[in-house]
Amino acid sequence: MTTGYDDIPFFDEEPAPRKPPAAAGAPPFVGGIAARAMAARDSGRRPDYLAGLNPEQTEAVETLEGPVLVLAGAGTGKTRVLTTRIAHILSTNRAFPSQILAVTFTNKAAREMKERIALLVGGAVEGMPWLGTFHSIGVKLLRRHGELVGLSSSFTILDTDDVVRLIKQIIQAEGLDDKRWPAKQFAGMIDTWKNKGLLPADIPEGDARAFANGRGRELYAAYQNRLKTLNACDFGDLLLHPIAMFRQNPDILKDYHQRFRYILVDEYQDTNTAQYMWLRLLAQRPKGEPQNVCCVGDDDQSIYGWRGAEVDNILRFEKDFPGAKVIKLERNYRSTEHILGAAAHLIAHNEGRLGKTLFTDRSDPDDTKVQVHASWDSEEEARAIGEEIEALQRGDSSGKKHNLNDMAILVRASFQMREFEDRFVTLGLNYRVIGGPRFYERLEIRDAMAYFRLVCQPADDLAFERIINTPKRGLGDTAVRSLHDYARARDIPMLAAAAEMVETDEMKPKPRKALFDVVMSFRRWQGLLENTPHTELAETILDESGYTDMWKNDKSAEAPGRLENLKELIRSMDSFESMRGFLEHVALVMDAETNENLDAVSIMTLHSAKGLEFDTVFLPGWEEGLFPHQRSLDESGRAGLEEERRLAYVGITRAKRRCHIWFVSNRRIHGLWQSTMPSRFLDELPINHVTVAETEQSYGGYGRGGGYGASRFDKADPFANNYSTPGWKRAQQNRSDATRDNWGTRSGHAVERIGYGESGPKGRTIDGELVAKSTSTEPSKFAVGDRVFHIKFGNGNISGIEGNKLTIEFDRAGEKRVLDGFVERV
DNA sequence: GCGGCGTAGATGCCC
DNA sequence: TCTACGCCGC
């Protein structure tokens, strides 16, 4: 039994776990859990949290010593194992929460794990300081030890947009043509190198030569230097700097070795080389000491090879960690036999697997086979899926009505979404789109953040350049260029240069005055940083800088929404302790809240569907070229095909009860109609778990065999229908044009765009929800002055009505514009 | 400082 | 075919 781990010396700022006044030699307590666990043990009962685990899961939870690889198939209770394992470590007093390193890939996963652990151990564990994404843990390490790699603790995290702008500057500064050598492309190259853990000195000759006439390495080095002077990091650095820091400072690494008694990694199949190196460093232990590393993953769900993930990491685990125990979780708790059978048969076509086969022992009387459907073109596909959804909504064969929330359309590529959006808007069917640009990528949010960044981090030149003339202050290109030159010549940040320059007469009086005002403002705000509440400061900054006024004076349609977003930004700062903490959050976390009260079909890519599950899943677009995607095949050959197949596997295994696969004969690609072949994956589905849906449409007869030969799902007989005539197509076109002007016919039809910032293809964003523009002229069922209730904002009074959009003064949340469908009269 | 026009590019989007 | 972006002209 361990004792005394609370006196590890090196984290002064972090309160050591409280040590209860226990008798000498007694184990430390973690809240009341230990007591409960011991009581359970002493009474001969297993602790509650172990109840209900199957034997493999139990083994994965209880094998705490030594390296463990848990191969957890889709729907086999992976998260449960991870969280229970942590709960088990905690409640048996093997470690304090702060001694467990648990890494996830997404903030969402981290959040969910925290919540579930809290549930398991009765909420008695205050947080888990080292549970987070690779990147957020990287930030934490760098805030502590950044000076060892040349970063002060206030460093900024740049997002891809900042990075591209910075690289562009460097390319230009090097006298290169930034059109011939696009910054975006080079940013991508740097990202690839960093994923592999390569610093400028390490990159392969060929790579170095490939860009800017052989100056790739030089530019990469210049970029890294520039980051250092900016006191900034890109995402890759959040992994690479800690690696360098650990390598150069073995004593610090050793401290962390002592600290982290247990290491857990989720989604191990998605780790890239840099993450692997990072993990190896932290997982090292002196000979004879157990490496308590537990990696959880599924090689069959590795779908991020294109962004540097190395499936090899998981395939090689037993070699990397000698003596590793491999536990397979194959008992599936999610899907029906037919769905699992279809998925298993498909994925069996991949080579180089560790080999798992999912099974379920729950038989389901109305287990339906996976259904394959054919449509003539993508428009008909959207229509057919829409009908299927509405049918389920009305009630299935047994009369059961289904919620839209239990259905999802999972596409291979985001352009496929549009067709569904168009269709659902005309149907008035609620949907939500998940993915795409994020809240923090909105223009106004980025501007505001630039102000905050510069206040917290005066060396942040990128932020400075972003806002120096926003709002317009008459500090245009000329002024910025001379500031830039001045700063470069003296090797000081631009804000500092500005402060100096206003003391000289290098500038004309007008810009000089403007610049002087800016400099003084920033001085003032910096002075307020320490002892003003940060939300108040944020508001002050946006008001005094004239930024709020800029949007207030803006007459464009987006302006009110942007002001609303700024308010939302400030509101969301409330839950953070400081402005710095908030900045970090926004840099790392980009989640948008979903409105769970809205019943809506989810539309998302297969990639973003990983980890989710739905009763009914629609998988459209199973055609050669789209799925598997041609580019994947071209770029990565067989490996690419296998990754595509894993993607198909992920798609099918998202379904709990019903899985509908669709393919079309004609799809518009880059604007051109092309006739398409059914995906080879269709032929890889087992006939005994799949049915070919009889076509409901007038379109007659795919699957008649013959013709093109190879596939069971052969192309439709082009003469069996009249949809291919130019006239028909024109009619279709007219129809969709007409609907485009009049979509949102059903008042209150709600569309939620999660993660989408700027207005989507249509409509506008009101309070984060993209709302179909309604041309409805029917009188509102509400009247000005009505007292209403909104699930998120509470009670309020209607102060204005415009179609189906209400302006409401909420008692607590202030003025909001919401759709009438979201409120009810009280 | 904007709007109009021409051009390139058009998987995936985590942190 | 659609779009996003950069450049140019006012």
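See the structure above.
These figures come from a predicted structure and were not determined experimentally. The numbering scheme is per chain: residues are counted from 1 as the chain's sequence reads. Chain A is the first chain written and ligand 1 is the first ligand written, with later ones labelled in order. With pLDDT at 70 or above as the cut-off, local features in this predicted model cover only qualifying residues; side-chain atom pairs require 80 or more to be listed or tallied, and sums for whole chains, interfaces and linings still use all residues. Hydrogen atoms and water are omitted, and side-chain values are computed over all heavy atoms in the structure.

**Student:** For this particular structure, what's the right way to read the overall build of chain A?
**Tutor:** Segments assigned H or I by DSSP are reported as helices when at least four residues long, segments assigned E as strands when at least two residues long, and all are numbered from the N terminus. Secondary structure summary: chain A contains 30 helices and 24 strands in total. Buried means the residue's accessible area, taken with a 1.4 Å probe over protein chains only, is under 20% of the maximum for its type, while exposed means over 50%, and partly exposed covers the values in between. Each of the 826 residues in chain A was classed as buried or not, and the buried ones make up 55%. Counting contacts in chain A only where the partners sit at least 6 residues apart, residues at least 24 apart contribute 74% of the total. Per-residue and other accessible areas were derived by the Shrake-Rupley procedure at a 1.4 Å probe size, with only the shown protein chains allowed to occlude residues. Only carbon and sulfur atoms are counted for the fraction: they give 50% of the accessible area of chain A, which is about 35700 Å². By the convention used here, residues are in contact when the closest approach between their heavy atoms is within 4.5 Å.

**Student:** Which parts of the structure should I look at to understand the protein's contact with DNA strand C?
**Tutor:** Residues are classed as near a molecule or strand on a simple rule: at least one heavy atom within 4 Å of it. Close to DNA strand C lie Lys179, Arg418, His670 and Gly671, which account for all nearby residues. Backbone atoms, meaning sugar and phosphate, form 58% of the atoms of DNA strand C found within 4 Å of the protein. Counted as a polar contact is a pair of N or O atoms within 3.5 Å, where, for protein atoms, one must be capable of donating a hydrogen and the other of accepting one, and residues adjacent in sequence contribute only when both atoms are in side chains. Here His670 contributes a backbone N or O atom positioned 3.4 Å from a base nitrogen of DNA strand C. Each residue receives one of three labels: charged for Asp, Glu, Lys and Arg, nonpolar for Ala, Val, Leu, Ile, Met, Phe, Trp, Tyr, Cys and Pro, and polar for the others, Gly being one of them. A breakdown of the residues in the surface near DNA strand C according to their chemical character gives no nonpolar, two polar and two charged.

**Student:** Explain unusual backbone geometry to me, please; I cannot follow it from the model alone.
**Tutor:** Backbone geometry follows two general trends: most residues other than glycine have a negative phi, and most peptide bonds adopt the trans configuration. Look at the link from Thr470 to Pro471: it is a cis peptide, with omega at 0°. On the secondary structure map, Pro471 appears in the loop between helix 19 (461-467) and helix 20 (477-490). The amide bond that connects Phe627 to the next residue, Pro628, takes the cis arrangement and shows omega of 5°. By the secondary structure assignment, Pro628 is in the loop between strand 13 (614-619) and helix 28 (630-653). Located in the positive-phi region is Asn93, a residue other than glycine, with phi close to 60°. Along the polypeptide, Asn93 turns up in the loop between helix 3 (78-91) and strand 2 (100-104). With relative accessibility at 4%, the residue Asn93 sits in the buried group.

**Student:** Got a minute to help me understand the state of the cysteines in this structure?
**Tutor:** By definition, a disulfide is the covalent link that joins the sulfur atoms of two cysteine residues. Only a pair of cysteine sulfur atoms within 2.5 Å counts as a disulfide in this structure description. As enumerated under the stated definition, the model contains zero disulfides in all. Of the cysteine sulfurs around Cys294, a residue in no disulfide, the closest is that of Cys295, at 6.8 Å. Assessed through its relative accessible area of 0%, Cys294 is described here as buried.

**Student:** Sorry, what's going on with the packing of helix 5 (residues 134-145) against helix 10 (residues 235-248) here?
**Tutor:** Working note: a packed helix pair is described by the angle between its axes plus the distance between those axes. The axes are straight lines fitted to the C-alpha atoms, using for helices just the contacting stretch, and the angles between their N-to-C directions are given from 0 to 180°. Relative orientation of the contacting elements helix 5 and helix 10 amounts to 50°, with a least axis distance of 9 Å. Looking at the two axes, helix 5 sits oblique to helix 10. Once helix 5 is placed against helix 10, the crossing between them reads as left-handed. Across the interface between the two elements, Phe134, His135, Gly138, Val139, Leu141, Leu142 and His145 of helix 5 pack against Phe235, Asp237, Leu238, Leu239, His241, Pro242, Met245 and Phe246 of helix 10. In terms of residue class, the contact of helix 5 with helix 10 is built from 10 nonpolar, four polar and one charged. For classification, angles of less than 35 degrees are called roughly parallel, those exceeding 145 degrees roughly antiparallel, those between 65 and 115 degrees roughly perpendicular, and all remaining angles oblique. Each crossing gets its hand from how the near helix is turned against the far one by less than a right angle, where anticlockwise is left-handed and clockwise is right-handed.

**Student:** Please clarify how the pattern of salt bridges should be interpreted in this entry.
**Tutor:** Oppositely charged side chains can pair when the atoms bearing their charge come close. Just to be clear on terms, a salt bridge is a Lys or Arg side-chain nitrogen sitting within 4 Å of an Asp or Glu carboxyl oxygen. Applying the stated rule across the entire model yields 47 salt bridges. Note that Asp162 is salt-bridged to Arg446, the shortest N-O span being 3.3 Å. Pair noted here: Asp162 is in helix 6 (residues 160-173) and Arg446 is in helix 18 (residues 443-456), with a separation of 284 residues, a long-range link. A residue is classified by how much of its surface remains accessible, and Asp162, at 2% relative accessible area, is buried. Between Arg680 and Glu624 there is a salt bridge, with its nearest N and O atoms 2.6 Å apart. Here Arg680, found in helix 29 (residues 680-683), pairs with Glu624, found in the loop between strand 13 and helix 28; they are 56 residues apart in sequence, far enough to count as distant.

**Student:** I keep staring at the sheet that holds strand 8 (residues 325-329) and nothing clicks. Help me out?
**Tutor:** Pairing between the strands of a sheet is mediated by backbone hydrogen bonds and can be parallel or antiparallel. Strand pairing is assigned whenever DSSP identifies at least 2 bridges connecting the two strands. The strand order across the open sheet formed by six strands is 3-2-6-7-1-8, and the pairing between neighbours is parallel. One side of each edge strand has no neighbouring strand; the edge strands of this open sheet are strand 3 (131-133) and strand 8. Along the sheet, successive strands turn relative to each other by an average axial angle of 15°, direction set aside. Inspection of the sheet shows strand 2 paired to strand 3 by three bridges, in the parallel sense. The residue of strand 3 that forms the bridge with Thr104 is Thr133. On the sheet, helix 12 (residues 273-283) packs against strand 2, strand 6 (262-265) and strand 7 (293-297) and is oriented at approximately 165° with respect to strand 6.

**Student:** What is the right way to read the environment of Gly138 from this model?
**Tutor:** Relative to the helices and strands, Gly138 resides in helix 5. On the basis of relative accessible area, Gly138 is assigned to the buried category, the value being 0%.

**Student:** Explain helix 23 (residues 534-544) to me, please; I cannot follow it from the model alone.
**Tutor:** Residues three or four positions apart in an α-helix share a direction because the helix packs 3.6 residues into each turn. Of all the residues in helix 23, the buried ones are His534, Thr535, Leu537, Ala538, Ile541 and Leu542. In a view along the axis of helix 23, the buried residues occupy a sector of 160°, so they form one face of it. Contacts from the buried residues of helix 23 go to helix 18, helix 22 (509-528), helix 24 (547-552), helix 25 (559-573) and helix 26 (579-588). Think of it as the arc spanned by the lines of direction from the helix axis to the C-beta atoms.

**Student:** Which parts of the structure should I look at to understand the protein's contact with DNA strand B?
**Tutor:** Taken together, 24 residues lie around DNA strand B, and Arg307, Ser414, Arg438, Lys472 and Thr605 are the ones closest in. Counted by atom, the contact set of DNA strand B within 4 Å of the protein is 53% sugar and phosphate. Side-chain polar atom of Thr133 to a sugar or linking oxygen of DNA strand B: 3.0 Å apart, as the coordinates give it. Elements that contribute at least two residues to the surface near DNA strand B include exactly helix 27 (606-609) and helix 28. If one sorts the elements of the surface near DNA strand B by residue count, helix 28 sits on top with four residues. A breakdown of the residues in the surface near DNA strand B according to their chemical character gives six nonpolar, 11 polar and seven charged.

**Student:** Please explain a negative patch on the surface as it appears in this structure.
**Tutor:** Grouping into patches uses exposed residues only, defined as over 30% relative accessible area, and leaves out salt-bridged ones; the cut-off is 9 Å for like charges and 5 Å for nonpolar side chains (Val, Leu, Ile, Met, Phe, Trp, Tyr). Positive charges come from Lys and Arg, negative ones from Asp and Glu, while His and the chain ends are left out of the count. Every charge is mapped to an atom, namely NZ of Lys, CZ of Arg, CG of Asp or CD of Glu. Together, Glu536, Glu539, Asp543 and Asp549 line one region of the surface with negative charge. With three residues, helix 23 is the single largest residue contributor to the negative patch. Relative to the helices and strands, Glu536 is located in helix 23. Glu536 sits in the partly exposed class, given a relative accessible area of 46%.

**Student:** Hey, could you run me through the pairing of strand 14 (residues 655-669) in this one?
**Tutor:** Consecutive residues of a regular strand have side chains that alternate between opposite faces of the sheet. Among the 15 residues in strand 14, 11 count as buried, and that is most of the element. For strand 13 and strand 14, the ladder comprises five bridges, and the chain directions are parallel. Bridge pairing in strand 14 places Leu619 opposite Ile661. Strand direction decides the pairing type here: strand 14 and strand 15 (residues 672-675), joined by four bridges, are antiparallel. In the strand pairing of strand 15, Arg667 is matched with Gln674. Once strand 14 ends, the chain turns through two residues before running back antiparallel as strand 15, passing His670 with a positive phi of about 55°.

**Student:** Would you mind showing me how to read the packing of aromatic side chains here?
**Tutor:** Aromatic ring pairs are defined here through the distance separating the ring centres and the angle between the ring planes. Pairs were defined over the aromatic rings of Phe, Tyr and Trp, the Trp ring being its six-membered one, requiring ring centres within 6.5 Å. Orientation was assigned from the angle between planes: stacked under 30 degrees, edge-to-face over 60, tilted for the rest. Applying the stated criterion across every chain, the model contains 25 aromatic pairs. Taken together, a centroid distance of 5.9 Å and an interplanar angle of 80° make the contact between Phe186 and Trp193 edge-to-face. Assessed through its relative accessible area of 1%, Trp193 is described here as buried. Ring plane angle 55° and centroid distance 6.1 Å describe the contact between Tyr451 and Tyr547, whose orientation is recorded as tilted. One end of the pair, Tyr451, is in helix 18; the other, Tyr547, is in helix 24, and 96 residues separate them in sequence.

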